[in-house]
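So you can see what is in the structure, the chains are spelled out below.
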Amino acid sequence: MVDVNENPFDGTDAIFERKQPLKKDTFTPDTIFHRDEEIEFYINALQDVIVGHDPNNVFVYGPTGVGKTAVTKWVRDKLEEKAEAEDIPLTVVGPINCRNYRSAYALVNTLVNEFRDPENQLPESGYSTDSVFEFLYEEIEAVGGNVLIILDEIDNIPADARNDFLYELPRAEANENTPITDAKVGLIGISNDLKFVDVLEPKVKSTLGEREIKFGPYDATELRDILGYYADIAFREGVLGEDVVPLAAAFSAQERGDVRQGLRILEKAGEYARMEGADGVTEAHTRRATDTIETDELLDYFEHDLSSQQALTYLATTLALIEPKHEASTKRIYNLYSSIAESSGRRVKSERKIYEFLDQLSMQGLVRSAERNLGRKGGRKYIYEVTDDPTDIINAALQSSYSDAVPSNVNGILEHYLEDEATEFEAPDTTDDEQQNLWQFT
Ligand SMILES: Nc1ncnc2c1ncn2[C@@H]1O[C@H](COP(=O)(O)OP(=O)(O)OP(=O)(O)O)[C@@H](O)[C@H]1O
């Protein structure tokens, strides 16, 4: 029983000294580990700025959480330092995360305001996209010298901004239609989606990819050093068991070689210890953290990254995959999507929209598709898969605000799927009607 006369919050923390470095990318490490080669490529690409040539465009790519942004910021700061010491005119804007902008207008607006004083900011609307671009060019010309623009997650750049940003902007100086004559513009684009480059027009591709720097995943030894550095800052002295960092590093290396995931494991393990009132973080806390980390990450997707329509489509794809004797075709996913959307009182969008949602999920790496030929009938169809463990996805969905959309008998069907159909469970035939009756929608 909670004692109503006592405040349940605890004013002390025996485990964490400073949690922010584990949680937020805004924390800037003062050392970068194990990226010497990448840093060397980077410096090489930007060296031209210091010796008076035009800046190169740089494209940085690699999976999530492998230091692309951290290294970029580190190199940016060093470049600015050197330029100042050598009296070289240089303005750097960014990294600006493209994911936060829905249109070219919004993105350009932000960029213009980065150049402008606080009292002279552009309003959020009121001009045409062409005019805000014009303002941007004017600002660039006004500061003059070298102007580097850093765009993070450029795979999420608004579609209507692609050409203008990735092709026109870097060559603005040469283009007579822009007011830029003196300033030299360089673009640094960061992405974790390589397929993004494939869909660009060849001329855009070659402009952006003047210099490419690839970041690979970290191995367990590298992660041990990086996570050890953060653990020293984040935890109180002497509370970490000696297995904690190596275990978190080994787990993350096996998964994706991603620092962010390792940091989350450390945070979670520390939280388990704190909840128990333990005086240290043990191997058992860490194992518990690794056991739940996948579900936690997926829960984050459901709660923060996906729109409600994308979340329902993701759930429907998972259901289509685990249901017996059925393929996760677009049509089938749509059927299930409509049922769960309807039963949970959410809007049901058209079948055409499902293609869009599946595409977006695929861009985020949550689903993948395979094309299937329809044999003598001719034509093709797409069969979908989820990239994570369906059990983790279902568990995350059940803990999320979409739990009301999950069919009530999901666990039975999941069990049947996991046991490779070796149970007593009589799977229905493959007609949609029967399959539809299989699920108990809430
Ligand atoms: N080599 C490293 N040394 C120190 N800290 C690092 C290193 N690599 C990554 N980090 C830290 O790990 C976290 C994730 O790194 P970062 O944001 O740079 O990854 P990213 O590759 O840009 O990922 P995403 O594509 O998801 O944005 C940050 O807190 C960053 O400071």
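Keep in mind that what you see is a predicted model, and the values were worked out from it rather than measured. (Residues numbered from 1 in each chain as written. Predicted model: local features only at pLDDT ≥ 70, side-chain atom pairs only at ≥ 80, totals over all residues.)

Comments concerning the overall build of the protein chain
Point 1. Looking only at helices and strands, the protein chain has 18 helices and seven strands in total.
Point 2. Here the C-alpha coordinates of the protein chain stretch approximately 75 × 65 × 45 Å along the principal axes.
Point 3. Counting the 442 residues in the protein chain, one finds 35% classified as buried.
Point 4. Contacts spanning at least 24 positions in sequence make up 72% of the contacts within the protein chain whose residues lie at least 6 apart. (Helix = DSSP H or I, 4+ residues; strand = E, 2+ residues; numbered from the N terminus. Buried ≥ 20, exposed ≤ 12 C-beta atoms within 10 Å, placed from the backbone. Contact = placed C-beta atoms within 7 Å.)

What about the site of the ligand?
Point 1. Around the ligand sit 18 residues in total, of which Gly67, Lys68, Thr69, Ala70 and Val259 are the nearest.
Point 2. Where the shell around the ligand is concerned, the elements lending two or more residues are helix H3 (68-85) and helix H11 (259-276).
Point 3. Counting residues per element, the shell around the ligand draws most heavily on H3, which supplies three residues.
Point 4. Taken together, the residues of the shell around the ligand break down into eight nonpolar, six polar and four charged.
Point 5. Each of domain 1 (35-214) and domain 2 (219-296) contributes no fewer than three residues to the shell around the ligand. (Near = placed C-beta within 6 Å. Nonpolar A, V, L, I, M, F, W, Y, C, P; charged D, E, K, R; others polar. Domains from an automatic or database assignment.)

Remarks on helix H10 (residues 244-255)
Three or four residues apart is the spacing at which side chains of an α-helix point the same way, because the helix has 3.6 residues per turn.
Point 1. For H10, built from twelve residues, the straight-helix expectation of 16 Å at 1.5 Å per residue is met to within 8% by its first-to-last C-alpha distance of 17 Å.
Point 2. Those residues of H10 lying buried are Val244, Val245, Leu247, Ala248, Ala249, Phe251, Ser252 and Ala253.
Point 3. Elements that come into contact with the buried residues of H10 comprise helix H9 (220-234), H11 and helix H12 (283-305).
Point 4. Positioned one or two residues after H10, glycine 257 has a phi angle of 65 degrees, which is positive. (Expected span 1.5 Å × (residues − 1).)

Concerning the UniProt feature "binding site: ATP" (unreviewed entry) in the protein chain
Point 1. As annotated in UniProt, the feature "binding site: ATP" (unreviewed entry) corresponds to Val66, Gly67, Lys68, Thr69, Ala70 and Tyr218 in the numbering used here.
Point 2. With respect to the helices and strands, valine 66 occurs in the loop between strand E1 (58-61) and H3.
Point 3. Classification of valine 66 by C-beta neighbours within 10 Å gives buried; the count is 23.
Point 4. Once residues within four sequence positions are removed from consideration, valine 66 is found in contact with Phe215, Gly216, Pro217, Tyr218, Gly257, Asp258 and Val259.
Point 5. Within the secondary structure, threonine 69 is located in helix H3.
Point 6. Its 17 C-beta neighbours within 10 Å are what place threonine 69 among the partly exposed residues. (UniProt positions renumbered as here; feature names shortened; annotations may be inferred.)

Notes on the pairing of strand E3 (residues 146-152)
Successive residues of a regular strand alternate their side chains across the two faces of the sheet.
Point 1. When you tally the buried positions in E3, you get seven out of seven residues, the bulk of the element.
Point 2. Of the two faces of E3, the one holding Asn146, Leu148, Ile150 and Asp152 and the one holding Val147, Ile149 and Leu151 are both buried throughout.
Point 3. Summarising the sheet, strand E2 (residues 90-97) and E3 pair through six bridges and their orientation is parallel. Considered in E3, the bridge of isoleucine 96 is made with leucine 151. (Pairing = 2+ DSSP bridges.)

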